[in-house]
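One-letter residues, chain by chain:
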Amino acid sequence: GGGQGGGGQGGGGQGGGDGGEDGAGQVLRALHGFETRREDWEAGALQSPYLWSLLHRDGAQLLHTLEALHLPPGWTRAWDVSSRGYYYAHPASGAAQWDPPAAKEGEEA
């Protein structure tokens, strides 16, 4: 069996894209990671089920990060299963709403 090491992509923070890296940088880093994993898989170093689990996990993290980039600082977005829609929350204030929060004046959403 091939080695199954390999760390995942860094997890995305919620709201405003923390960590100082812009969205394009995060996407490029993730694409590099995906390409590296594909090459490892083609070389026989990763088994298919393990590769798919990595892609699923890292893809979900990247999607979460990219979705949060447009939110004002402190806001998060989550899926509500029963309503089959996204809701937005600001944990520090306790606010929650169905409509995306508007950026404050002087901020980019």
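Above this text you will find the structure in question.
All figures in this text were calculated on a predicted structure; none of them were measured in a lab.

A.B. asks: Hey, could you run me through a nonpolar patch on the surface in this one?
C.D. replies: Judged by side-chain polarity, Trp79, Val81 and Tyr86 come together as a nonpolar surface patch covering roughly 330 Å² of accessible area. Tracing the chain through its elements places tryptophan 79 in strand β1 (residues 76-80).

A.B. asks: How should the side chain of arginine 77 be read in this particular structure?
C.D. replies: Here arginine 77 lies in strand β1. Accessibility expressed as a relative area gives 19% for arginine 77, which makes it buried. A distance of 3.4 Å separates the side chain of arginine 77 from the side chain of tyrosine 86, its partner in a polar contact. Not counting residues within four places of it along the chain, the set of residues in contact with arginine 77 comprises His64, Glu67, Leu71, Tyr86, Tyr87 and Tyr88.

A.B. asks: Can you help me understand the environment of tryptophan 52 in this one?
C.D. replies: Mapping tryptophan 52 onto the fold places it in helix α2 (residues 48-68). Along the chain, tryptophan 52 and arginine 37 lie 15 residues apart, while their C-alpha atoms are 10.0 Å from each other.

A.B. asks: Sorry if this is basic, but what is going on with the sheet that holds strand β2 (residues 85-90) here?
C.D. replies: Each strand in a sheet pairs with its neighbour through backbone hydrogen bonds, running either in the same direction (parallel) or in the opposite one (antiparallel). Read across the open sheet, the 3 strands follow the order β1-β2-β3; overall the sheet is antiparallel. Of all strands in the sheet, those bounded by a partner on one side alone are β1 and β3 (95-97). For this sheet the average axis-to-axis angle between neighbouring strands, irrespective of direction, equals 30 degrees. Summarising the sheet, β1 and β2 pair through 5 bridges and their orientation is antiparallel. Looking at the pairing, arginine 77 lines up with tyrosine 88 of β2.

A.B. asks: Got a minute to help me understand the pairing of β2 in this structure?
C.D. replies: Note on strand geometry: in a regular strand, side chains alternate between the two faces of the sheet. Counted along the chain from β1 to the antiparallel partner β2, the turn is 4 residues long, and its residue arginine 84 has a positive phi close to 55 degrees. Bridge count between β2 and β3: 3 bridges; the pairing is antiparallel. Across the sheet, residue histidine 90 finds its bridge partner in β3, namely alanine 95.

A.B. asks: Explanation requested: the environment of aspartate 99 in the structure shown.
C.D. replies: Its place among the elements puts aspartate 99 in the segment after β3. Taking the relative accessible area as the measure of exposure, aspartate 99 reaches 58% and is therefore exposed.

A.B. asks: Please clarify how the pattern of salt bridges should be interpreted in this entry.
C.D. replies: Opposite charge on two side chains permits pairing when their charged atoms draw close. Under the counting rule described, the total for this entry stands at 4 salt bridges. The partner of glutamate 42 in a salt bridge is arginine 38, and the shortest N-O contact between them spans 2.7 Å. Of this pair, glutamate 42 and arginine 38 both sit in helix α1 (residues 23-42), 4 residues apart, roughly one helical turn. Salt-bridge contacts for arginine 57 lead to aspartate 58; the nearest nitrogen and oxygen are separated by 2.8 Å. Residue class for aspartate 58 comes out buried when judged on its relative accessible area of 1%. Each of Glu35, Arg38 and Glu42 takes part in one network of salt bridges that share partners.

Calculation criteria
- Residues numbered from 1 in each chain as written.
- Predicted model: local features only at pLDDT ≥ 70, side-chain atom pairs only at ≥ 80, totals over all residues.
- Heavy atoms only, no water.
- Patch = residues over 30% accessible without salt bridge, like charges linked within 9 Å, V, L, I, M, F, W, Y side chains within 5 Å.
- Areas by Shrake-Rupley, 256 points an atom, 1.4 Å probe, with all protein chains shown as cover.
- Salt bridge = Lys/Arg side-chain N within 4 Å of Asp/Glu carboxyl O.
- Helix = DSSP H or I, 4+ residues; strand = E, 2+ residues; numbered from the N terminus.
- Buried < 20%, exposed > 50% of the residue type's maximum accessible area, 1.4 Å probe, protein only.
- Polar contact = N/O pair within 3.5 Å; in protein donor to acceptor, adjacent residues only side chain to side chain.
- Contact = heavy atoms within 4.5 Å.
- Pairing = 2+ DSSP bridges.
- Axes fitted to C-alpha atoms, helices over the stretch in contact; angles between N-to-C directions.

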